[in-house]
Amino acid sequence: EIHDYHIKHNGWSGIAYHLYVRKDGKVYKGRPINKVGGHCKDYNARSIGICCEGNFEVEQMSQTQYNALREAVAYVMSVYPDIEIKGHRELNATACPGKFFPLDKIRSDSVSKIPDWAREEYAEAMSLGITDGSRPNDSASRLEVAIMILRAIKLLRGDK
């Protein structure tokens, strides 16, 4: 729908964003990540646009959507490890992404804190649901480690 809207109403070549995160946690690919987006004036050629469904001026993001956003950011950072996380309002005169958008949290939870040697595997562990990606450099309790190991074993066995 957004793709069609951007073509019909804006005259663009397609959806402006590279990734679109729905409230239900589904992530949709928009423009190819190696193509210029149309999401942030004067910065399109040197940024990746991730849009989250919702109006974060008036609503909070659900944990489901936040987890999906974190995975989307991890994916982008696996391709572009040195990328900085910025909100639209930090680059253009806009309220976007909204006062309730968890910009500081996504920055602090981002995989930018992951050393280069572990970045790809950590992003994969997040995408497989072995870890939620939070606290990447904190110590893990025996309980947390046991749960992550069990999740990995279930994946290997094909359990749901």
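Each value, and the rule that gives it
- Going along each chain's sequence as written, the residues are numbered from 1 onward.
- Totals for whole chains, interfaces and linings use all residues, but because this is a predicted model, local features are given only for residues with pLDDT of at least 70 and pairs of side-chain atoms are given and counted only at 80 or more.
- With hydrogens and water set aside, each side-chain value is computed from the structure's full complement of heavy atoms.
- Runs of E in the DSSP output that reach at least two residues are strands. Runs of H or I that reach at least four are helices, and both are numbered from the N terminus.
- Throughout, radius of gyration means the C-alpha value; the globule benchmark is 2.2 Å times the number of residues raised to the power 0.38.
- Accessible area is worked out with a 1.4 Å probe on protein chains only. A residue is then buried under 20% of its type maximum, exposed over 50%, and partly exposed in between.
- Two residues form a contact once any of their heavy atoms are found within 4.5 Å.
- Any Phe, Tyr or Trp ring, taking Trp's six-membered ring, that has another such ring centre within 6.5 Å forms a pair; planes under 30 degrees apart are called stacked, those over 60 apart edge-to-face, and the others tilted.
- On a range of 0 to 100, pLDDT expresses the predictor's confidence in each residue.
- For our purposes a nonpolar core is just a set of buried Ala, Val, Leu, Ile, Met, Phe, Trp, Tyr and Cys residues, chained together by side-chain atoms within 4.5 Å.
- Of the two site types, the cavity is a set of points on a 1 Å grid over the protein atoms alone where a 1.4 Å probe fits but cannot get out, and the pocket is an open set with protein on both sides within 12 Å along at least five of seven lines, each lined by residues with an atom within 4 Å of a point.
- Grid points are joined across faces, edges and corners, and a volume is the space filled by probe spheres set on the points.
- Residues were grouped as follows: Ala, Val, Leu, Ile, Met, Phe, Trp, Tyr, Cys and Pro as nonpolar; Asp, Glu, Lys and Arg as charged; and all remaining residues, including Gly, as polar.

Digging into the overall build of the chain
Point 1. In terms of helices and strands, the chain carries five helices and three strands.
Point 2. The C-alpha atoms of the chain give a radius of gyration of 17 Å, which matches the 15 Å a tight globule of 160 residues would have.
Point 3. Taking the principal axes of its C-alpha atoms as reference, the chain extends roughly 55 × 30 × 30 Å.
Point 4. Out of the 160 residues in the chain, the part that is buried amounts to 34%.
Point 5. Look at the contacts in the chain between residues 6 or more apart in sequence, and 47% of them connect residues 24 or more apart.

Structural notes on the packing of aromatic side chains
Point 1. Applying the stated rule across the entire model yields one aromatic pair.
Point 2. Residues Phe-56 and Phe-101 carry aromatic rings whose centres are separated by 5.5 Å and whose planes lie at 70 degrees to one another, so their mutual orientation is edge-to-face. Pair noted here: Phe-56 is in the loop between β3 (50-52) and α2 (63-79) and Phe-101 is in the loop between α2 and α3 (103-109), with a separation of 45 residues, a long-range link.
Point 3. For Phe-56, a relative accessible area of 3% corresponds to the buried category.

Here we look at the confidence of the model for the chain
Point 1. Mean pLDDT over the chain stands at 87; residues scoring 70 or higher make up 97%.
Point 2. Of all secondary-structure elements in the chain, the lowest mean pLDDT belongs to helix α1 (residues 2-10), at 75, while β3 reaches the highest, 95.

Observations concerning unusual backbone geometry
Point 1. Here the bond from Cys-96 into Pro-97 is cis, since omega is 10 degrees, no more than 30 degrees from zero.
Point 2. For Pro-97, the position within the fold is in the loop between α2 and α3.
Point 3. The backbone of Asp-42 sits at a positive phi, close to 75 degrees, despite the residue not being glycine.
Point 4. For Asp-42, the location among the structural elements is in the loop between β2 (27-29) and β3.

Side note on the nonpolar core
Point 1. Counting 18 residues, the largest nonpolar core has Cys-52, Met-61, Leu-69, Val-73, Ile-85, Phe-101 and Ile-106 as the members making the most contacts within it.
Point 2. Sorting the residues of this core by element identifies β1 (19-21), α2 and α3 as the ones contributing at least two each.
Point 3. Ranked by the residues each element gives to this core, the list is headed by α2, at seven residues.
Point 4. If near-sequence neighbours (up to four positions away) are discounted, Cys-52 is found in contact with Val-21, Met-61, Gln-65, Leu-69 and Phe-101.

Overview of the layout of surface pockets
Point 1. If you add up the space inside the largest pocket, you get close to 940 Å³.
Point 2. His-39, Ile-48, Gly-49, Ile-50 and Lys-86 are the residues nearest the centre of the largest pocket, which is lined by 40 residues in total.
Point 3. Only β3, α2 and α3 provide two or more residues apiece to the lining of the largest pocket.
Point 4. At four residues, α2 tops the list of elements feeding residues into the lining of the largest pocket.
Point 5. The residue makeup of the lining of the largest pocket, split by class, is 24 nonpolar, 11 polar and five charged.
Point 6. The space that makes up the second largest pocket amounts to roughly 300 Å³.
Point 7. Around the second largest pocket sit 15 residues that line it, and Thr-131, Asp-132, Arg-135, Glu-144 and Met-148 are the ones nearest its centre.
Point 8. Broken down by secondary-structure element, the contributors of at least two residues to the lining of the second largest pocket are α4 (116-127) and α5 (142-157).

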